[in-house]
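What follows is each chain in one-letter form.
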Amino acid sequence: MRRVSAFIVMTILVLGLGLPIVSLAEDSPFNDFYTAFLTTDESDSGGFGNGVSMDLLQDEPVLSFYGKTLPNSERHVHFASWNISTHSWDVETVTTLVGLGYVPWTARTSLVVRNGRPHIFFSGANNQLLHAVKENGSWVTEAITVEGAGGQYPSAVSLDSGFAVCFKDQVTNALWVAEGTGGSWTTTKLEADDSNTGNNCHIARKASGEPAVVSNDQNLRIPRFVEKTNGAWLPPVSLEQPSTNASGQYPFILVRANGDIYVFYRYANAEPNDGSLRYLIRAGGGGAWSAGPSLNFSSSSSYIGAYPYFIERASGLLFGAIRRRMSSALFGQSTGIVRYEERADGNDWAGYNIFGSCSKRADVSYINVKEDSAGNIFVVGFDPSCAYGSKDRVVVLSRMANGGAAPGIGAMPFSVTVKDTNGNLVVGAEVTLFFGGSTIKRTTGADGLVTISAAGSGAYTIQVAKSGYQFADIEGEATPTYYSFTHSAVGAAPTITLSGTVKTNSGAVIPTASLTLNGTTPISINPQTGAFSIEVSHGMEYTLTIDDEQFTFMNPREKGTVWGNLKFNYVGFPK
């Protein structure tokens with residue numbers, strides 16, 4: 001496992017290392033706690049950071065993406081998780097792919113967290129569709145077999161019965177879907193071979209629990225929609241009339257809480273670079289499609305509709321991000337990521353920069369958007385950051401605290417490690433955070449650690465509880481000076497008793513015996529009953545030693561670790 005440090009500054013400037021310079025736009029509400037530059041010794045000529053995908057695991061973002069090392073025939077799929085203790089990324093190599101060849105920027109991994117485990121779908125050697133899952137600390141990879149050379153542009157969604165994954169057969173240009181769980185898959189061809197469709201497909205779960213897929217028909221230059229209803233896939237339908245331009249590119253499907261289905265895509269209706277973001281709506285998940293307004297940013301010459309990704313927030317409003325490229329005589333090709341927010345009054349959308357522009361034409365990359373339980377929004381993308389064609393391609397992830405709605409520090413990460421007075425980690429302790437009007441509970445795992453992200457500012461209280469332990473409350477003040485709060489909760493361990501008797505083999509008391517704990521602490525023996533008892537700390541290591549001038553004991557030395565009450569019955573034999 002490699003650990004890649006994050007740069008926690010608003011503007012990054014590294015001299016002599018060849019790393020890119022990235023500035024967040026002035027109107028961006030994103031803070032830089034999660035802004036991270038995942039760089040390794042891998043060359044990017046095959047695409048380090050390509051195909052980035054994101055999901056949340058215990059409210060923290062996790063990522064998957066492609067990488068490459070020389071020789072050119074070797075590629076990697078990586079998994080990255082944020083280490084809140086070190087403020088850095090832990091990057092694992094999921095698998096090494098030999099013979100994969102060039103990984104285009106439009107290659108994609110699809111990461112889905114299901115039942116607390118990360119699953120990654122990606123294109124392997126010869127464009128074969130692969131599925132990797134982390135089991136017992138190790139990555140296990142399987143192939144999903146289809147005709148031709150399927151596996152390109154996979155997009156996966158979790159269903160009640162497992163997964164549904166859409167993808168393209170690169171040989172025949174057909175659109176496929178695989179449904180099932182690890183080791184058992186059913187594959188269905190959704191579009192004919194001659195349709196030249198399947199590009200950049202995206203899949204979502206409908207309100208009924210069944211999947212729906214959108215894709216781009218490159219021949220007709222339109223978005224296509226196909227859904228599963230009552231257990232059967234319906235015929236695909238076109239969502240636009242055939243176009244002479246690049247309309248229908250990069251389609252994205254979103255199902256709202258009320259069942260409405262939204263399809264976003266790049267809509268080019270005039271000049272080649274006149275690409276606006278457009279969306280269609282099917283109310284209640286059925287009936288006819290209606291068109292929402294085109295969402296333009298900056299000017300009609302702005303190529304902005306690429307790789308949209310939208311979510312419905314807990315507030316009920318939509319939030320999304322897209323890649324945009326703008327042409328101008330002064331700056332040439334300028335690229336960046338733009339966020340779009342649905343306004344509460346329902347009259348308009350607001351568009352703002354997320355990442356600053358770059359004077360390169362590297363406008364291609366998948367973008368992911370997620371919202372955690374505290375209302376923080378995360379946006380991730382592959383950002384060349386003015387290093388087009390060099391070795392410094394990076395994955396960039398930023399967090400918008402509480403969706404940018406609240407001033408001040410917004411959401412903050414709190415981590416608490418729970419131990420007893422002997423330094424032993426406490427498993428199963430309940431940690432409760434009271435902060436910013438929220439009450440959030442977590443339970444410690446084997447590492448004794450919990451991490452909680454919560455929105456607000458001002459005073460906070462952390463309470464820790466477990467039967468048999470006593471913990472003091474942790475109190476503090478969240479100010480903009482800090483970006484995380486790390487605490488240790490130390491609790492008095494339950495009282496443990498070491499007890500027993502010292503007698504002869506005939507049952508007589510041996511009052512003259514000497515019994516010590518750890519060589520220094522004498523233990524009194526009742527001269528009438530031969531009983532002894534001493535209270536010790538939970539988790540301590542102990543050595544009990546017994547000796548007498550007239551008697552020999554079968555077990556004169558007992559050693560171990562105290563996890564509960566222990567009883568010893570010493571039997572002495574005359575010497």
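Residues numbered from 1 in each chain as written. Predicted model: local features only at pLDDT ≥ 70, side-chain atom pairs only at ≥ 80, totals over all residues. Heavy atoms only, no water.

Along the chain, T543 turns up in strand β41 (residues 541-547). The exposure class of T543 is buried, given its relative accessible area of 15%. In contact with T543, not counting residues within four places along its chain, are T516, L517, N518, R557, E558 and K559. (Helix = DSSP H or I, 4+ residues; strand = E, 2+ residues; numbered from the N terminus. Buried < 20%, exposed > 50% of the residue type's maximum accessible area, 1.4 Å probe, protein only. Contact = heavy atoms within 4.5 Å.)

Looking at where T561 falls in the secondary structure, it is placed in strand β43 (residues 557-561). The spatial distance from the C-alpha of T561 to the C-alpha of Y542 is 6.0 Å, given a sequence separation of 19 residues. For T561, the residues in contact, after removing those within four places along its chain, are G539, M540, E541 and Y542.

What follows covers unusual backbone geometry. Of note in this structure, Q58 is not a glycine but carries a positive phi near 55 degrees. Mapping Q58 onto the fold places it in the loop between β2 (53-57) and β3 (60-69). The backbone of N230 sits at a positive phi, close to 55 degrees, despite the residue not being glycine. Positionally, N230 belongs in the loop between β16 (222-229) and β17 (232-233).

Take the nonpolar core next. V418, L433, Y460, I462 and V464 are the most contacted members of the largest nonpolar core, which has 22 residues in total. If you list the elements that add at least two residues to this core, you get β30 (411-420), β31 (430-435), β33 (449-455), β34 (458-465), β35 (474-478) and β36 (485-491). Non-local contacts of Y460, meaning those with residues more than four positions away in its chain, are made with F414, L433, F434, F435, I474, E475, G476, E477, A478, F485 and H487. Of all hydrophobic cores here, the second largest spans 21 residues; its members include I510, I525, I534 and Y542. (Core = buried A, V, L, I, M, F, W, Y, C linked by side-chain atoms within 4.5 Å.)

In this section: the pattern of salt bridges. Considering all chains together, one arrives at 11 salt bridges under this definition. The shortest N-O distance in the salt bridge between E135 and R117 comes to 3.3 Å. Separated by 18 residues along the polypeptide, E135 in strand β8 (residues 129-135) and R117 in strand β7 (residues 117-123) bring together distant segments of the chain. Judged by its relative accessible area of 33%, E135 is partly exposed. (Salt bridge = Lys/Arg side-chain N within 4 Å of Asp/Glu carboxyl O.)

Before going further, it helps to examine the sheet that holds strand β10 (residues 152-159). Reading across the sheet, the four strands line up as β10-β11-β12-β13 and stay open at both edges, with antiparallel pairing between neighbours. Every other strand in the sheet has two partners, leaving β10 and β13 (184-189) as the edge strands with one partner each. With strand direction ignored, the average angle separating the axes of adjacent strands in the sheet is 20 degrees. Across six bridges, the pairing between strand β12 (residues 175-181) and β13 is antiparallel. Residue pairing across strands places A178 opposite T187, the latter belonging to β13. (Pairing = 2+ DSSP bridges. Axes fitted to C-alpha atoms, helices over the stretch in contact; angles between N-to-C directions.)

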